[in-house]
Amino acid sequence: MSGFRLNLREGLGRAVDHDSKINFTFDGKNYSGRVGDTLASALMANGVSIVARSFKYHRPRGIFSAGSEEPNALVTVHSGARTEPNIRATELELYEGLEAKSQNRWPSVNFDVMAVNQLPGKAFSAGFYYKTFMGPSRPGHKATQFWWFCEQLIRRAAGLGKGASQADPDKYGRMNAFCDVLVVGAGAAGISAAERAASAGAKVILCDESAVAGGALLSSSELLDGALAHDWVADRLAELAENENVTVLTRTTVQSMFDDNTYLAIERLADHVKTPGKHQVRQRAWNIRCKSAVIATGAIERPIVFAGNDRPGVMLADSARRYVVEYGVSPGRAVCVFTNNDTGWLAARDMAKYGVIVEAIVDVRKDVPDAIRAAGEESRAEIFLGAAITATSGLQTLSGAQISEFSETTGEVGRKLKKIGCDCIAVSGGWSPAFHLTSQQGEKPVWDAELQAFLPGEATSSWHVAGAMAGKFGLRHAFRSGEEAAVKALAEAGLGEGESDVPRIEGDEIDYAPAPVFEINTGGKAFVDLQHDVTAEDVRLAHREGLVSVEHLKRYTTLGMATDQGKTSNMSGLAIMAEARGKPIPDVGTTRFRPPYTPTALGAIAGDAYGHLASERLTPMHDWHVAEGANMYANGPWLRPESYNRSGESVEQAYIREAATVRKGVGLVDVSTLGKIDVQGPDAAEFLNRIYSNGFAKLPVGKARYGLMLREDGMLFDDGTTWRLDENRYLMTTTTAGAGQVMEHLEYHRDVVWPDLKVALASVSDEWAGVAVAGPKSRNVLKACVNDCDVSNEGLPFMGVRQATIAGIPVWIARLSFSGEMAYEVYCGAGWGQALWDALMKAGKRFQIVPYGLEALSTLRIEKGHVAGPELNGRTTPLDLGLGGMVSSKKNFVGATLLKRDAFHEESRLQLVAIKSIDGQRIRGGSHLVKGNKDQPGQTEGNTTSTCFSPELNCYISLALLEGGNARHGEKMFATNPVRNMHVAVEVVSPHMVDPDGGRMHG
Amino acid sequence: MKRVAAPHLGTIKMRLTCPFCGERDHQEFTYRGDASATRPPMDNGSIEDHNTYVFDRTNPDGEHRELWNHTSGCRMHMVVTRNTTTHKISNCEPVGPWTKALGGKS
Ligand SMILES: [Zn+2]
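1. Quick notes on the overall build of chain A
At step 1: Counting secondary structure elements, chain A contains 23 helices and 52 strands.
At step 2: C-alpha atoms of chain A, sized along the principal axes, occupy 110 × 70 × 55 Å.
At step 3: In chain A, which comprises 1003 residues, the proportion classed as buried is 60%.
At step 4: For chain A, the exposed surface amounts to about 39,000 Å²; the carbon and sulfur share of it is 51%.
At step 5: Averaging the locations of the 106 positively and 118 negatively charged side chains of chain A gives two centres separated by 6 Å.

Here you go:
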């Protein structure tokens, strides 16, 4: 193909600004185009024929279509963090400074070393991956040795472009919209539907994927109300846009249809400029909820499959016509049209009208209507009826076509008629309605034998189809079906019928039904799926190998599984399969299209919910932590201090210092993030007694108790302390990460399981700030600042809860210990949090109090063998973690019964132990406990859960889950971590490594 | 790792009518399972009965009564009657200590 720009004049090049100039580069070379061009039309105008290499064989490929169905012309645009691969050049609007690169080629699109893939012939045929890599395996691996050798090569050779590895610098927005009638597609049918709906006063959203709405009207040769269709549609759209009830969204692709009339559309606001403006959103995701919808997404022209049909220069006939009419670009110097329906003839006529040389029209049909024959004469092309293109020639690009006799009834190829020199074959195999959206909702399409196409199945919710996508081809049918669909939609929206202003149409009335010919089978390499390099022979091979289901065919050959979801290839693939099976096409069936309709940027899906805009919860003392140099660390939704590093200190040095200070002196830690639930009511005690595995019925007022919550299946769910503040009032604390789930768990049991219990629940996590003061000197600190409450061992015994005042702030003090030291948790209203923290710091000054972070908090509890998140992993029971004593046998509770199952009581279960590093090496989380040395580690017998350096024991330690661990204290093993190349000699010990009898916290 | 709610590209998107708040996107709700599963009473310690309550589900093709919680709204529970084939929702009724007061079944 050697395209070129025609002499632009009135009516030719309707989409482009005739006097403009835009500079862009393709593969580093400078070109120019015009305002209104797509990258594809501009490349064609510059005579660029090869725009890509194919996925598997790396064969040269040219522009195939003029829309979002494009299988070949995928490019990578931008560079650096904005790099975006797989952009369809046929949709990409040209802008000044556009940089585009071709894909799947190395070193260049014109010379590609990987093209040798096609030389071994059958090497990459269908099922290649399956067959080649099924075989003798390496021990422990399923794939063959050969796979390991080939993988790197294939990974590099395959793949469609490369994305950026940096963070996306652009902004994305989200919109929630509601309307009466959503209209998808602003062609003749869509505009007709939108106008009708608007006339009845409906709130209408009209979406179109193109920059300029109008669909087929934009290149139509018909006159509407005496005006060029292109001009008529511009006037009507301007009118619609002025209506305050109508929102017209161009560059907006409705990607997904969901239940209950919900749709997702992606609006591209800044993909037609080099970079989005400051604060400009690049794309916006619209969640549209409508009362009813009209789907008018048109139809996609499909090719006829023939040998050599992937040479650059072979393209869809109506697309070729559109390049001429809309962009004023001729797709070639000599065009040959190959068709099985009237579309090709009109394309020939319209192209010839604007000066394109059409050498031949080849139609598989023996006879055509007179009007069509007249159109052929207008094109001055040589006419071949009952004929087909049976081969193409050319080195890199197309240079000629072999025309032979062909019987549309038997499919047999006869004698050769003529070889014609041409650099473009415009092919039309009929039209396939674009029912992708409705197919997403599970509607089975219905075969229309007349149109040789699948039509959308019946609607099960409030949507109505119109125009070509409903099989209503031609402008007259499109306008009428648009109106009819709108009337139905209006009824569903509870509105009146409205009225229409249908234009007078002058022009062709053609028959869109094609001859039932999908392939010219001559044995040559004929491509069905251009993007995934699936040939007609691959489809037949799949059949020979016994794959009859269309779903299996798809997976075996990867037909229709590329980024275009086979928009131009599925129908031919089905037809070839049907022929091979000797069955009618509808008996072979179709596969379902999946959302999104076209590839969608991940950024548009994330919207604005990322980075600093993602919800992030800060404690009342957050600013103090930051000012004190703490590393803030995400823990659930919260940010918490990891450690307070002094100058020159590493995180490890800091937490070791902090933890050691707590053991010998005193420290304080922000525990405001713990989940807190206020439980009140006359049945609160009974409720808690049913929720927790240990007894809560007899907990006295002024006391706290550590409780375990199980799931109903017997697994540990969450833990925490619950304080009885009053006869009918409790404050429950949960883990930081589990707060939300625990609240849902309680509400479920309160509402659904025991609605007879009188209990009220309120989440108060944000209402309370909490500070834990821990260490042998913690009581001294409290004594120094609390004066209305006796905090002595007698006045505030272990697990006691008291109300008090600190620096004028009303507080609750509970004597609890997570660290194993004497410790207190002090809670106050969140607004007082910082003041309380300051008061405690001030009171602790003469005891050298230090703040400590999550790492030290964790170190202290690991030394003590207290479990937390890594041990409560959803697969452990209380028995596994040595908490069997907290499982009451005197009462029923959530999880009690299923915990009794035998398997939970087997001695071989993973049980909580601790391990100490013997050789001084650090133990990593996620290491496996094995008996063997590094070369022969043997089977895993457990894994590490929480690890740290213990200042108390002066070695690296870890909690671990070990098979039959209770009976294995003293055993020597290895903690192996092949990923980090670590193999540490360890000793299994009791998890209670520090102060096992608890004397320190009770003192 | 932060968890963010994002519009779904390919998953189900339904509208549920909360008896307390009205019609809302299903993303505001949490699915809580088969509404026909009833916990054995407190005096029942049969492993078999609890096993049925926790694990045995029928996976019907058609109408299904299921429990949803309006977690990002009023936090009330409701029984939703949904057709598993078409996702059509035919009924939403409240569940909880207050249902009698609202005229529903307890
Ligand atoms: Zn609600």
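2. A few points about the overall build of chain B
At step 1: Regarding its fold elements, chain B presents one helix and six strands.
At step 2: Starting at the N terminus, the α and β elements of chain B follow one another as β-β-β-α-β-β-β.
At step 3: Per-residue burial over chain B gives 37% buried out of 106 residues.
At step 4: For chain B, the share of sequence-separated contacts (at least 6 apart) that also reach a separation of at least 24 residues comes to 42%.
At step 5: When the accessible surface of chain B is split by element, carbon and sulfur atoms take 51% of a total near 5,900 Å².

3. A closer look at the domain arrangement of chain A
At step 1: When its domains are assigned, chain A resolves into domain 1 (171–299 + 433–506), domain 2 (676–764 + 880–897) and domain 3 (905–1003).
At step 2: Look at where the C-alpha atoms of domain 1 of chain A and domain 3 of chain A centre, and you get two points 64 Å apart.

4. Notes on the pattern of salt bridges
Residue and element names in this part refer to chain A.
At step 1: One pass over the full model with this rule turns up 56 salt bridges over all chains.
At step 2: Measuring nitrogen to oxygen at the nearest pair gives 2.9 Å for the salt bridge that ties E952 to R1000. In this pair, E952 sits in the loop between β49 (942–950) and β50 (955–963) while R1000 sits in helix α23 (residues 999–1002), placing the two residues 48 residues apart along the sequence.
At step 3: The class of E952 is partly exposed, set by a relative accessible area of 35%.
At step 4: Beyond isolated ion pairs, a larger network of salt bridges with shared partners links R663, E821, E863, E952 and R1000.

5. Details of the sheet that holds strand β20 (residues 335–339) of chain A
Residues and elements named next belong to chain A.
At step 1: Strands sit in the order β18-β26-β20-β21-β22 across an open sheet of five strands; the sheet is parallel. Taken across any chain shown, the strands that pair with only one partner, and hence form the sheet edges, are β18 (314–316) and β22 (382–385). This sheet shows a mean twist of 20° between the axes of neighbouring strands, independent of strand direction.
At step 2: The pairing of β18 with strand β26 (residues 424–428) spans three bridges and is parallel.

6. A short note on the packing of aromatic side chains
The geometry of two aromatic rings is summed up by the distance between their centres and the angle between their planes.
Residue and element names in this part refer to chain A.
At step 1: For the structure shown, the criterion picks out 15 aromatic pairs over all chains.
At step 2: An angle of 65° between the planes, with centres 5.8 Å apart, marks the rings of F435 and F593 as edge-to-face. Of this pair, F435 sits in the loop between β27 (431–433) and α9 (436–440) while F593 is found in the loop between α14 (585–588) and α15 (602–606), placing the two residues 158 residues apart along the sequence.
At step 3: For F435, a relative accessible area of 8% gives the class buried.
At step 4: Ring pairs connect the aromatic residues W624, Y644 and W837, which therefore count as one cluster.

7. A short note on the coordination of the zinc ion
Residue and element names in this part refer to chain B.
At step 1: The protein atoms that coordinate the zinc ion are C18 (SG), C21 (SG), H70 (ND1) and C74 (SG), at distances of 2.0 to 2.3 Å.
At step 2: Because the angles between the four donor atoms bound to the zinc ion fall within 107 to 116°, the donor set is best described as tetrahedral.
At step 3: Each donor residue of the zinc ion lies on one chain, and together they are spaced C-x2-C-x48-H-x3-C.

8. Looking at the environment of D259 of chain A
At step 1: Tracing the sequence through the fold places D259 of chain A in the loop between β14 (252–258) and β15 (262–268).
At step 2: C-alpha of D259 of chain A to C-alpha of R640 of chain A: the two residues are 381 residues apart in sequence and 40 Å apart in space.

9. Focus: the interface of chain A and chain B
The figure often quoted for interface size is the accessible area lost as the parts come together.
At step 1: Each partner contributes residues to the interface: chain A has 44 residues there, and chain B has 42 residues.
At step 2: Across the chain A/chain B interface, buried area totals approximately 3,700 Å², and carbon plus sulfur atoms make up 57% of it.
At step 3: Inspection of the region where chain A meets chain B yields four salt bridges.
At step 4: Between D25 of chain B and R289 of chain A there is a salt bridge whose closest N-O contact spans 2.0 Å.
At step 5: For the pair chain A and chain B, the number of links is eleven residue pairs in polar contact (both at pLDDT 80 or more).
At step 6: Only β9 (171–184), β14, β15, β16 (281–295), α15 and α19 (739–753) of chain A provide two or more residues apiece to the side of chain A that touches chain B.
At step 7: Per-element accounting of the side of chain A that touches chain B gives the leading share, nine residues, to α19 of chain A.
At step 8: Its residues assigned to classes, the side of chain A that touches chain B comprises 19 nonpolar, eleven polar and 14 charged.

10. A look at the sheet that holds strand β8 (residues 98–102) of chain A
All names here are of chain A.
At step 1: Reading across from one edge, β3-β2-β8-β6-β7 is the order of the five strands in this open sheet, with mixed pairing throughout. Taken across any chain shown, the strands that pair with only one partner, and hence form the sheet edges, are β3 (29–33) and β7 (84–88). Neighbour-to-neighbour, the strand axes of this sheet turn through a mean angle of 40°, independent of strand direction.
At step 2: Pairing of strand β6 (residues 74–77) with β7 involves three bridges; the strand directions are antiparallel. The partner of V75 across the bridge, within β7, is I87.

11. Some details on the packing of helix α17 (residues 651–664) of chain A against helix α22 (residues 854–864) of chain A
Residues and elements named next belong to chain A.
At step 1: The contact between α17 and α22 brings their axes to 8 Å, and the two run at 55°. When the interaxial angle is binned, α17 and α22 end up oblique. By crossing handedness, the relation of α17 to α22 is classed as right-handed. Along the contact surface, α17 presents V651, Y655, E658, A659, V662 and R663, while α22 presents E855, A856, T859, L860 and E863.
At step 2: Taken together, the residues of the contact of α17 with α22 sort by class into six nonpolar, one polar and four charged.

12. Considerations on α17 of chain A
Spacing of three or four residues puts side chains on the same side of an α-helix, whose turn is 3.6 residues.
At step 1: Given a rise of 1.5 Å per residue, 14 residues ought to cover 20 Å, and the 20 Å separating the end C-alpha atoms of α17 of chain A matches this to within 8%.
At step 2: Turning to α17 of chain A, its buried residues number three or more, namely A654, Y655, R657, E658, A659, T661, V662 and R663 of chain A.

13. Some points on the nonpolar core
Residues and elements named next belong to chain A.
At step 1: If you look at the biggest cluster of nonpolar residues, it comprises 65 residues, and the most contacted ones within it are W723, Y852, L881, L929 and V986.
At step 2: Element by element, the count of residues in this core is highest for β50, at seven residues.
At step 3: Residue-level mapping places this core at the junction of two domains, with at least three residues from each of domain 2 (676–764 + 880–897) and domain 3 (905–1003).
At step 4: In this structure L881 touches L716, V867, E871, L872, T876, L912 and L961, once residues within four positions along its chain are discounted.
At step 5: With 55 residues, the next largest nonpolar core counts A73, L94, L98 and A375 among its residues.

14. Topic: the pairing of β26 of chain A
Residues and elements named next belong to chain A.
At step 1: β26 sits mainly inside the fold: five of its five residues count as buried.
At step 2: Covered by surrounding structure in β26 are C424, A426 and S428 together with I425 and V427, the residues of both alternating faces.
At step 3: Bridge analysis of β20 against β26 gives five bridges, and the strand direction is parallel. Each residue of the ladder has a partner; that of V337, found in β26, is A426.

15. Some remarks on the environment of T733 of chain A
Residue and element names in this part refer to chain A.
At step 1: One can find T733 in strand β40 (residues 729–734).
At step 2: Residue classification places T733 among the buried residues on the basis of a relative accessible area of 4%.
At step 3: When the C-alpha positions of T733 and D511 are compared, they lie 74 Å apart, and in sequence the two are 222 residues distant.
At step 4: Separated by 2.8 Å, the side chain of T733 and the backbone oxygen of T721 make a polar contact.

16. Some thoughts on helix α21 (residues 833–844) of chain A
Residue and element names in this part refer to chain A.
At step 1: Look at α21: 16 Å from first C-alpha to last across twelve residues, which is about the 16 Å you get at 1.5 Å a residue.
At step 2: Of all the residues in α21, the buried ones are G833, L836, W837, A839, L840, A843 and G844. Taken down its axis, α21 places every buried residue within 160° of arc, on the same side.

17. A look at the confidence of the model for chain A
At step 1: Of the residues in chain A, 94% reach a pLDDT of 70 or more, and the chain-wide mean stands at 92.
At step 2: Under a pLDDT of 50 for its full length, residues 119–123 of chain A has, in the predicted model, one contact with residues more than four places off or in other chains.

18. Here we look at unusual backbone geometry
Residues and elements named next belong to chain A.
At step 1: Between P595 and the following residue, P596, the backbone shows a cis peptide bond with an omega angle of 0°.
At step 2: With respect to the secondary-structure elements, P596 resides in the loop between α14 and α15.
At step 3: Within the chain, D27 stands out as a residue other than glycine whose phi angle is a positive 50°.
At step 4: Considering the arrangement of structural elements, one finds D27 in the loop between β2 (22–26) and β3.
At step 5: For N86, which is not a glycine, the phi torsion comes out positive at approximately 60°.
At step 6: Residue placement: N86 occurs in strand β7.
At step 7: Overall, the relative accessible area of 15% leaves N86 in the buried class.

Reading the values: rules and limits
Residues numbered from 1 in each chain as written. Chains lettered and ligands numbered in written order. Predicted model: local features only at pLDDT ≥ 70, side-chain atom pairs only at ≥ 80, totals over all residues. Heavy atoms only, no water. Helix = DSSP H or I, 4+ residues; strand = E, 2+ residues; numbered from the N terminus. Buried < 20%, exposed > 50% of the residue type's maximum accessible area, 1.4 Å probe, protein only. Areas by Shrake-Rupley, 256 points an atom, 1.4 Å probe, with all protein chains shown as cover. Lys, Arg positive; Asp, Glu negative; His and termini not counted. Charge placed at Lys NZ, Arg CZ, Asp CG, Glu CD. Contact = heavy atoms within 4.5 Å. Domains from an automatic or database assignment. Salt bridge = Lys/Arg side-chain N within 4 Å of Asp/Glu carboxyl O. Pairing = 2+ DSSP bridges. Axes fitted to C-alpha atoms, helices over the stretch in contact; angles between N-to-C directions. Phe/Tyr/Trp six-rings, centres within 6.5 Å; stacked < 30°, edge-to-face > 60°. Donors = N, O, S within 2.8 Å, 3.2 Å for Na, K, Ca; no water. Tetrahedral: all angles 85-135°; square planar, octahedral: opposite > 155°, others 65-115°. Buried area = accessible area lost by both parts, 1.4 Å probe. Polar contact = N/O pair within 3.5 Å; in protein donor to acceptor, adjacent residues only side chain to side chain. Nonpolar A, V, L, I, M, F, W, Y, C, P; charged D, E, K, R; others polar. Parallel < 35°, antiparallel > 145°, perpendicular 65-115°, else oblique. Left-handed = near helix turned anticlockwise from the far one by under 90°. Expected span 1.5 Å × (residues − 1). Core = buried A, V, L, I, M, F, W, Y, C linked by side-chain atoms within 4.5 Å. Arc of directions from axis to C-beta. pLDDT = per-residue confidence, 0-100.

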